[in-house]
Amino acid sequence: MASSGAMVLAMMGLLAGLVCPAAAAGASEFISMPTDDVSRVHATFCPKLEDIVRDKVAEARRRDIGVVAGLLRIFFHDCFPNGCDASLLLERSHLYFSERDRPQNGGLHQGALDLIQRIRDAVRDAKCTDVSCADITMLATRAAIRQSGGPDYAVVLGRQDSIDPARFDQVDRFLPARDAKIGKLIEVFQSLRFDKTDLTALSGAHTIGKTSCGSLESRTGEAAWFVDAIKRNCNNSLDKKHDLDVATPNDFDNKYYANIVAGMGVLSTDMELLNDPFTRDLVHKWANDKDDFFRKFSDAMAKMARLPVSGKTEFRDNCFRRKSMRETFNLTAEGFAASA
């Protein structure tokens, strides 16, 4: 039998789905969108939720600053293919493959993945059963950004967790390759109703953290000395890590854009922002205007958090595995039902 919190959240998700059209082709079964009303439900039955998330993130960040970039990457790669539904967290099972099997999702930060589950355990211990791994990932990512000097922004809660991974064709379509050109990047973002400002702002997440040297094999550019320095640091070791921001790698700031202007963007996709007049102008602007970058980044993150989700969902106890189908809810246009 579903708890009262689950019933309220599920019914609100249904109502939102009936008024929000699918943003991605091939959506089936139902479309779920969080609402401000659901956020208030969270505040009512789990008032310590954000405190728990904040403390766990701070503890993990003290041990390993890499969890910040790790959470950001998990959040982006989870949300883009089919909305923020924690489907990326699902491990491979005898029932399905995992989104992590796709090359775009290789090398996810294990510490960040484990942190999400530790928060899930702590939330459950606080008797907050009807909180999803998707909402936890969203809150943990925001907390990590805040604690690293980045902006605050509103997140609307109320998602449940997908019982299935996103389809591989969705992953391949909505997660650009590491050597994607600016035209492809713009195309992918526009297909999800993100404009060039959103693309440039979300790319600014590369102002913190590290990337694997395997991601830099295709890095070229006019600043040959910098490319040579990258190669020397990597020293033919694809598993070695390289700072994404060579100026302030542990701070969430706007130095990423100043690096690009100087030819020192670490990823090929970073330097591609100079190859479109609109994104190039934003790079130059934000290299000297942190406040405006923070505002636009906050807007884009809030927009990503509202991407619609399709498919059957549940509240997972273990973020890496689906629960029994007996405990899975199915929302359709005809109404709410619990699977038998």
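Reading the values: rules and limits
- Residues numbered from 1 in each chain as written.
- Predicted model: local features only at pLDDT ≥ 70, side-chain atom pairs only at ≥ 80, totals over all residues.
- Heavy atoms only, no water.
- Helix = DSSP H or I, 4+ residues; strand = E, 2+ residues; numbered from the N terminus.
- Buried < 20%, exposed > 50% of the residue type's maximum accessible area, 1.4 Å probe, protein only.
- Contact = heavy atoms within 4.5 Å.
- Areas by Shrake-Rupley, 256 points an atom, 1.4 Å probe, with all protein chains shown as cover.
- 1 Å grid on protein atoms, 1.4 Å probe; cavity = no way out; pocket = protein on both sides within 12 Å on 5 of 7 lines; lining within 4 Å.
- Points joined across faces, edges and corners; volume = space filled by probe spheres on them.
- Nonpolar A, V, L, I, M, F, W, Y, C, P; charged D, E, K, R; others polar.
- UniProt positions renumbered as here; feature names shortened; annotations may be inferred.
- Salt bridge = Lys/Arg side-chain N within 4 Å of Asp/Glu carboxyl O.
- Axes fitted to C-alpha atoms, helices over the stretch in contact; angles between N-to-C directions.
- Parallel < 35°, antiparallel > 145°, perpendicular 65-115°, else oblique.
- pLDDT = per-residue confidence, 0-100.
- Disulfide = S-S within 2.5 Å.

What to know about the overall build of the protein
Along the protein, the regular secondary structure elements total 14 helices and eight strands. When burial is assessed residue by residue, the protein has 54% of its 340 residues classed as buried. Restricting the contact set of the protein to residue pairs at least 6 apart, pairs at least 24 apart contribute 74%. Of the accessible surface of the protein, which amounts to about 14700 Å², a share of 52% is contributed by carbon and sulfur atoms.

Remarks on unusual backbone geometry
The backbone phi angle of Ala86 is positive, close to 60°, even though this residue is not glycine. Tracing the sequence through the fold places Ala86 in the loop between helix 4 (66–82) and helix 5 (110–125). The residue Arg193 is not glycine, and still its phi comes out positive at about 70°. Within the secondary structure, Arg193 sits in the loop between helix 8 (182–191) and helix 9 (196–203). Residue class for Arg193 comes out exposed when judged on its relative accessible area of 56%.

Remarks on the layout of surface pockets
Counted as a void, the largest pocket has a volume near 1300 Å³. If you list the elements that add at least two residues to the lining of the largest pocket, you get helix 4, helix 8, helix 9, strand 3 (210–212), strand 4 (241–243) and helix 12 (268–272). Looking at the lining of the largest pocket, its residues break down into 20 nonpolar, 16 polar and seven charged.

What about the UniProt feature "binding site: Ca(2+) 2" (unreviewed entry) in the protein?
Here, UniProt's "binding site: Ca(2+) 2" (unreviewed entry) annotation points to Thr207, Asp245, Thr248 and Asp253. In terms of the greatest pairwise C-alpha distance, the residues named above, spread along 47 residues, form a tight cluster of at most 9.8 Å across. For Thr207, a relative accessible area of 0% puts it in the buried group. Setting aside chain neighbours within four positions, we find Thr207 in contact with Asp245, Thr248, Pro249, Asp251, Phe252, Asp253, Lys255 and Tyr256. Turning to its location among the elements, Thr248 is positioned in the loop between strand 4 and helix 11 (255–261). Sequence-distant contacts of Thr248, defined by excluding residues within four places in its chain, comprise Thr207, Asp253 and Lys255.

Remarks on the pattern of salt bridges
Two side chains bearing opposite charge may form a pair once their charged atoms approach each other closely. For the structure on display, the rule yields 21 salt bridges. We note a salt bridge from Asp292 to Lys285, for which the minimum N-O separation is 4.0 Å. What you see here is one network of salt bridges that share partners, running through Lys285, Asp289, Asp292, Arg295 and Lys296.

Observations regarding the packing of helix 4 against helix 14 (residues 290–305)
With their axes 10 Å apart at the nearest point, helix 4 and helix 14 run at an angle of 50° to one another. By the angle between their axes, helix 4 is oblique relative to helix 14. Between helix 4 and helix 14, the residues in contact are Leu72, Phe75, Phe76, Cys79 and Phe80 and Phe297, Met301, Met304 and Ala305, respectively. Taken together, the residues of the contact of helix 4 with helix 14 break down into nine nonpolar, no polar and no charged.

Observations concerning the confidence of the model for the protein
Averaged over every residue, the pLDDT of the protein is 82; the share at 70 or more is 81%. The model gives residues 325–340 a pLDDT under 50, and that stretch makes 42 contacts with residues more than four places away or in other chains.

Some details on the state of the cysteines
The term disulfide refers to a covalent linkage connecting the sulfur atoms of a pair of cysteines. Evaluated as defined, the whole model comprises three disulfides. In this model, Cys133 is linked to Cys319 through a disulfide, with the two sulfur atoms separated by 2.1 Å. Because the torsion about its S-S bond is -90°, the bridge between Cys133 and Cys319 counts as left-handed. Residue Cys133 is located in helix 6 (residues 133–147), and its partner Cys319 is located in the loop between strand 6 (313–314) and strand 7 (329–332); the two are separated by 186 residues in the primary sequence. Across the pair, Cys319 and Cys133 agree in class, each one buried.

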